[in-house]
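Chain by chain, the residues:
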Amino acid sequence: MKILESLKERRTYYDINRDLPVEEVKVFDLVEKATELVPDAFNMKSSRVIVATGEKQDQLWDNIYDVFEGKVPREKIDSFKNGYGTILYFYDEDIVKNLQNQFTIYADRFPGWANQSSGMLQLSIWSGLKELGIGASLQHYNPVIDKMVREMFDLPENYVLNAQMPFGGIGSHPDEKAKEDISNRVKIVR
């Protein structure tokens, strides 16, 4: 199964650089196609994505460092800044609220469903990047950086930031994953 191989190969890469093994257009194409194809409840299409590269990549991570006023080590921030780019994942809260008003019986579920769709999109893109030979990690500096990100990219208030995914060429590979006893988390009932 290709999906299981892809999940097995997907890893967290912190040692990334600006040397992509493919043309950047392949990354952009992956992001666009995955965003179009990943399902969500009621076909709400709430996911929003920004891919920051070049000067915006540098500015983003410098601004994140500044927002935290040095409380996050510069070396850690620079490890993300050293990548080729960062994918920012959002969901559109206006779409969620509209569906909450239309389908009041499910109103409390729509924010969770939007987050589920965003999570599926993140994993799909992360796995797709690995298939392209690109390393990535998933970061969560939100909500501390939310206001700065909205201002930097001139985004509306209804864009809810979920995660940041710095990506780039692979500098070094992480250690092998430890094998777990999956029966602690999965039960098969017949």
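Up top you'll find the structure we're talking about.
Okay, so let's go over this structure. (Residues numbered from 1 in each chain as written. Predicted model: local features only at pLDDT ≥ 70, side-chain atom pairs only at ≥ 80, totals over all residues. Heavy atoms only, no water.)

1. Notes on the overall build of the chain
Item 1. If you tally the helices and strands in the chain, you get seven helices and five strands.
Item 2. Computed over C-alpha atoms, the radius of gyration of the chain comes to 18 Å, within 12% of the 16 Å expected from 2.2 N^0.38 for 190 residues, which places it in the range of a compact globule.
Item 3. Taking the principal axes of the C-alpha coordinates as reference, the chain spans close to 50 × 50 × 35 Å.
Item 4. With 190 residues in all, the chain has 41% of them scored as buried.
Item 5. Within the chain, residue pairs in contact and separated by at least 24 positions form 84% of the contacts whose partners lie at least 6 positions apart.
Item 6. In the form shown here, the chain has an accessible surface area of approximately 11,200 Å², with 50% of it arising from carbon and sulfur atoms.
Item 7. Charged side chains of the chain number 24 positive and 30 negative; the gap between the two group centres comes to 6 Å. (Helix = DSSP H or I, 4+ residues; strand = E, 2+ residues; numbered from the N terminus. Rg over C-alpha atoms; globule rule 2.2 N^0.38 Å. Buried < 20%, exposed > 50% of the residue type's maximum accessible area, 1.4 Å probe, protein only. Contact = heavy atoms within 4.5 Å. Areas by Shrake-Rupley, 256 points an atom, 1.4 Å probe, with all protein chains shown as cover. Lys, Arg positive; Asp, Glu negative; His and termini not counted. Charge placed at Lys NZ, Arg CZ, Asp CG, Glu CD.)

2. Topic: the pairing of strand E3 (residues 85-92)
Item 1. Counting buried residues in E3 gives eight out of eight residues, a clear majority hidden from the surface.
Item 2. Of the two faces of E3, the one holding Gly85, Ile87, Tyr89 and Tyr91 and the one holding Thr86, Leu88, Phe90 and Asp92 are both buried throughout.
Item 3. Note that strand E2 (residues 47-53) and E3 share seven bridges and pair antiparallel. Across the sheet, the residue bridging to Val49 is Tyr89, located in E3.
Item 4. Two elements, E3 and strand E5 (residues 159-170), share eight bridges in a ladder whose sense is antiparallel. What sits directly across from Phe90, in E5, is Leu161. (Pairing = 2+ DSSP bridges.)

3. Quick word on the packing of aromatic side chains
Item 1. Enumeration according to the criterion identifies 14 aromatic pairs in this entry.
Item 2. Look at Tyr84 and Phe167: their rings are 6.3 Å apart centre to centre, the planes differ by 40 degrees, and that puts the pair in the tilted class. Pair noted here: Tyr84 is in the loop between helix H4 (74-81) and E3 and Phe167 is in strand E5, with a separation of 83 residues, a long-range link.
Item 3. Above the plane of the ring of Trp126 lies Arg10, whose end atom (NZ or CZ) is 4.1 Å from the centre. (Phe/Tyr/Trp six-rings, centres within 6.5 Å; stacked < 30°, edge-to-face > 60°. Lys NZ or Arg CZ within 6 Å of the ring centre and 35° of its normal.)

4. Focus on the packing of helix H1 (residues 2-9) against helix H6 (residues 110-131)
Item 1. The contact between H1 and H6 brings their axes to 9 Å, and the two run at 85 degrees. For the element pair H1 / H6, the angle class is roughly perpendicular. For the pair H1 and H6, contact is made by Ser6, Leu7 and Glu9 and by Leu123, Ser127, Lys130 and Glu131, respectively.
Item 2. Partitioned by chemical class, the residues of the contact of H1 with H6 number two nonpolar, two polar and three charged. (Axes fitted to C-alpha atoms, helices over the stretch in contact; angles between N-to-C directions. Parallel < 35°, antiparallel > 145°, perpendicular 65-115°, else oblique. Nonpolar A, V, L, I, M, F, W, Y, C, P; charged D, E, K, R; others polar.)

5. With respect to the nonpolar core
Item 1. The biggest cluster of nonpolar side chains holds 20 residues, and the ones touching the most others in it are Leu60, Ile64, Tyr141, Val149 and Phe153.
Item 2. For this core, the secondary structure elements donating two or more residues are E2, helix H3 (54-67), H4, E3, helix H7 (146-152) and E5.
Item 3. If sequence neighbours within four positions are ignored, Phe153 has contacts with Ile50, Ala52, Lys56, Leu60 and Leu88.
Item 4. By size, the runner-up hydrophobic cluster in this structure holds 17 residues, among which are Val27, Ile125, Met165 and Phe167. (Core = buried A, V, L, I, M, F, W, Y, C linked by side-chain atoms within 4.5 Å.)

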